[in-house]
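Here's the letter readout for the chains.
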Amino acid sequence: MPIEKISFEESLKKTVIDNGLCTGCGACVVSCPYNCLDYDAGPKIISECKVCGICANVCPRYNVSITSLEQLIFGRERRLEEEFGVFKRVLVAQTRDENIMRVCQDGGVVTSILVSMLEDGVIQGSAISGKDVMNPLKATPVLALSKEDIIQCAGTRYTYSPNLLALRSGVQKKIGKMAFVGTPCQICAIRRIQALPLKKYVEALKFTIGLFCSESFVYDGLVKGLLQEKMGIKPEDVEKINIKGKFIIKIRDGQVKAVPLKEAKEYACRFCNACPDFSAELADISVGGLGLDGWTLTITRTDVGDEILRRVESKGIIKTKPLEDNKLMELLIRMSRKKREASMGKTT
Ligand SMILES: Cc1cc2nc3c(=O)[nH]c(=O)nc-3n(C[C@H](O)[C@H](O)[C@H](O)COP(=O)(O)OP(=O)(O)OC[C@H]3O[C@@H](n4cnc5c(N)ncnc54)[C@H](O)[C@@H]3O)c2cc1C
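Here the residue numbers are simple positions, counted from 1 along each chain's written sequence. Predicted model: local features are reported for residues with pLDDT of at least 70 only, side-chain atom pairs are reported and counted for 80 or more only, and whole-chain, interface and lining totals are derived from all residues. In computing side-chain values, all of the structure's heavy atoms are included and hydrogens and water are not.

### Notes on the overall build of the protein
Secondary structure elements follow DSSP: runs of H or I of four or more residues count as helices, runs of E of two or more count as strands, with numbering from the N terminus. Per the secondary structure count, the protein includes 14 helices and 13 strands. A compact globule built from 348 residues should have a C-alpha radius of gyration of about 20 Å, and the protein, at 19 Å, falls within 12% of that. Seen through its C-alpha atoms, the protein measures out along the principal axes to roughly 55 × 50 × 40 Å. For each residue, the accessible area found with a 1.4 Å probe, counting protein chains only, is set against the maximum for its type, and the residue is called buried under 20%, exposed over 50%, and partly exposed in between. A total of 348 residues make up the protein; the buried ones form 53% of that total. Shrake-Rupley sampling with a 1.4 Å probe provides the accessible areas, and residues are treated as covered by the protein chains on show and by no other component. Within the structure as shown, the protein displays about 16200 Å² of accessible surface, and the carbon and sulfur contribution to it stands at 51%. We count Lys and Arg on the positive side and Asp and Glu on the negative side, and we leave His and both chain ends out. By convention, the charge on Lys lies at NZ, on Arg at CZ, on Asp at CG and on Glu at CD. For the protein, the distance from the average site of its 51 positive side-chain charges to the average site of its 42 negative ones is 1 Å. It is over C-alpha atoms that the radius of gyration is taken, and the globule rule equals 2.2 Å times the number of residues to the power 0.38.

Right, here's the structure in full:
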């Protein structure tokens, strides 16, 4: 299908950026064939737009048709009862690697899959997110090319990380086979890039892992406002932050401090209000903590994703178990429904 030829100013600037809907995912920047856009916490136009329309057609906030993306990825649209998207299996999983378990966010599934696929030669690199050198609680895109790189990036930073910039860097470096890890908006952007298709990314990308996401947080608000000023915690003293009903901060001296999630939500990114997707419904594999302790709730959605998970299960790299009761499934459905309903009327 021919794409809508519309300028950056008429599409993304007017309806997405000026309305506070831009997530800063960077899809438009990495897709512009004329390099008209630069990235500075979001797209910035640096030379005259050639009106090819590609930027608008890869944006996760501009005229997205979920049903046509579902047709592309799954060969069908979701059924009415598939409230958290099309899926094959839902299970809980945990890495068997103690080194990964020590540094991961939940069950270390993401890190274990990436390491295993790298070692097997399925991928040569991963577009993921690591710690900013100066501010370790700030997420920054990383092109991970070794096991050590991948393990260093384990764990969650709750600020926004435009991992598509790492994907571009991999393509520029001619890394032929890559995995992509990202939030639901970024997975949507990747699928739109595949739908066009932008050949250089389609050829390089082997699979995607989507992270469940209620929202991202603004670094200055979360770290300076909440942690430093309100709670008196220095960022360098933080070992881990996790959200499990509450906002929980584990400090290096062993103390654990928690505040109601409501207090952290004050610093949530505004653009997240327009997001309908909690569980990365378009990814090959989707993962989240969902209140579990030391386990990752894992959803396989595509044949590719299911095969990868079966491969790491059969190699004994991760252990898996079925959901013990309906409570987790109900929670997943509730969270998905809540996010979708809250976003209604807020997108373009
Ligand atoms: C902003 C954000 C909000 C989230 N909200 C929820 C939620 O509401 N409910 C829920 O159940 N789960 C949420 N998650 C997912 C959860 O925190 C874990 O990432 C997931 O359970 C996988 O755990 P793991 O131990 O298998 O991953 P690990 O093995 O620890 O690997 C985590 C991977 O995530 C990548 N990563 C870290 N920070 C970011 C970032 N900011 N952006 C993109 N990639 C990143 C790392 O590069 C790493 O590859 C959220 C994640 C993020 C980034």
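The structure having been displayed, the exposition proceeds.
### Observations regarding the packing of helix H6 (residues 109–119) against helix H13 (residues 303–314)
As a packed pair, H6 and H13 sit with axes 10 Å apart at the nearest point and diverge in direction by 85 degrees. If you check the angle between H6 and H13, you find them roughly perpendicular. Taking contact as the criterion, the partners of Ile113, Ser116 and Met117 in H6 are, on H13, Ile308, Leu309, Arg311 and Val312. We call Asp, Glu, Lys and Arg charged. Ala, Val, Leu, Ile, Met, Phe, Trp, Tyr, Cys and Pro are nonpolar, and the rest, Gly among them, are polar. Of the residues assigned to the contact of H6 with H13, the class counts are five nonpolar, one polar and one charged. Interaxial angles span 0 to 180 degrees and are taken between N-to-C directions of axes, which are lines fitted to C-alpha atoms, for helices over the stretch in contact. We call two directions roughly parallel when the angle between them is under 35 degrees, roughly antiparallel when it is over 145, roughly perpendicular when it lies between 65 and 115, and oblique otherwise. Contacts are assigned to residue pairs with any non-hydrogen atoms lying within 4.5 Å of each other.

### Quick word on the domain arrangement of the protein
Partitioning the protein into structural domains gives domain 1 (9–58), domain 2 (70–213 + 270–343) and domain 3 (219–265). An automatic or database domain assignment supplies the start and end points of every domain. Just the C-alpha atoms count here: the centres of domain 1 and domain 2 sit 25 Å apart. In this assembly, 16 residues from domain 1 lie in contact with 17 residues from domain 2. Summed over both partners, the interface of domain 1 with domain 2 buries about 1400 Å², with 66% contributed by carbon and sulfur atoms. What counts as a salt bridge is simple: a side-chain nitrogen of Lys or Arg found within 4 Å of a carboxyl oxygen of Asp or Glu. Here domain 1 and domain 2 share zero salt bridges between them. Sorting the residues of the side of domain 1 that touches domain 2 by element identifies helix H2 (27–31) and helix H3 (54–58) as the ones contributing at least two each. In terms of residue class, the side of domain 1 that touches domain 2 is built from ten nonpolar, six polar and no charged. Summed over both partners, the accessible area lost on bringing two parts together, with a 1.4 Å probe, is the buried area.

### Examining the nonpolar core
Residue types Ala, Val, Leu, Ile, Met, Phe, Trp, Tyr and Cys, when buried and joined through side-chain atoms within 4.5 Å, form a set referred to as a nonpolar core. Core analysis: the biggest nonpolar cluster contains 37 residues, and Leu164, Leu167, Met178, Phe180, Tyr201 and Leu282 have the highest contact counts within it. Going through the elements one at a time, H2, H3, helix H4 (66–74), helix H8 (164–172), strand E6 (178–182), helix H9 (184–195) and helix H10 (199–204) are the ones with two or more residues in this core. Broken down by element, this core gets its largest block of residues, six residues, from H9. Two domains share this core, each providing at least three of its residues, namely domain 1 (9–58) and domain 2 (70–213 + 270–343). By size, the runner-up hydrophobic cluster in this structure holds 24 residues, among which are Cys153, Val287, Ile308 and Leu309.

### Concerning the site of the ligand
By convention in this text, a residue qualifies as near a molecule or strand provided that one of its non-hydrogen atoms is within 4 Å of it. In the vicinity of the ligand, 32 residues are found, and the nearest of them are Asp106, Thr111, Ser129, Arg157 and Ser214. Counted as a polar contact is a pair of N or O atoms within 3.5 Å, where, for protein atoms, one must be capable of donating a hydrogen and the other of accepting one, and residues adjacent in sequence contribute only when both atoms are in side chains. A distance of 2.6 Å separates an oxygen atom of the ligand from a polar atom in the side chain of Asp106. Separating an oxygen atom of the ligand from a side-chain N or O atom of Thr296 is a distance of 3.0 Å. Considering the ligand on its own, with 910 Å² of exposed area, one finds that the protein chains cover 96% of that surface. Residue assignment for the shell around the ligand shows that the elements contributing at least two residues are H6, strand E4 (125–131) and strand E11 (285–288). Residue contributions to the shell around the ligand peak at three residues, all from H6. Of the residues assigned to the shell around the ligand, the class counts are 14 nonpolar, 15 polar and three charged.

### Brief notes about unusual backbone geometry
Of note, the bond from Leu196 into Pro197 is cis; its omega dihedral lies within 30 degrees of zero at -10 degrees. Along the chain, the position of Pro197 falls in the loop between H9 and H10. The phi angle at Asn35 is positive, at roughly 50 degrees, despite the residue not being glycine. Position of Asn35 relative to the elements: it lies in the loop between H2 and strand E1 (37–39). With a phi close to 55 degrees, Val51 is a non-glycine residue in the positive phi region. Mapped onto the elements, Val51 comes out in the loop between strand E2 (43–45) and H3. Accessibility expressed as a relative area gives 36% for Val51, which makes it partly exposed.

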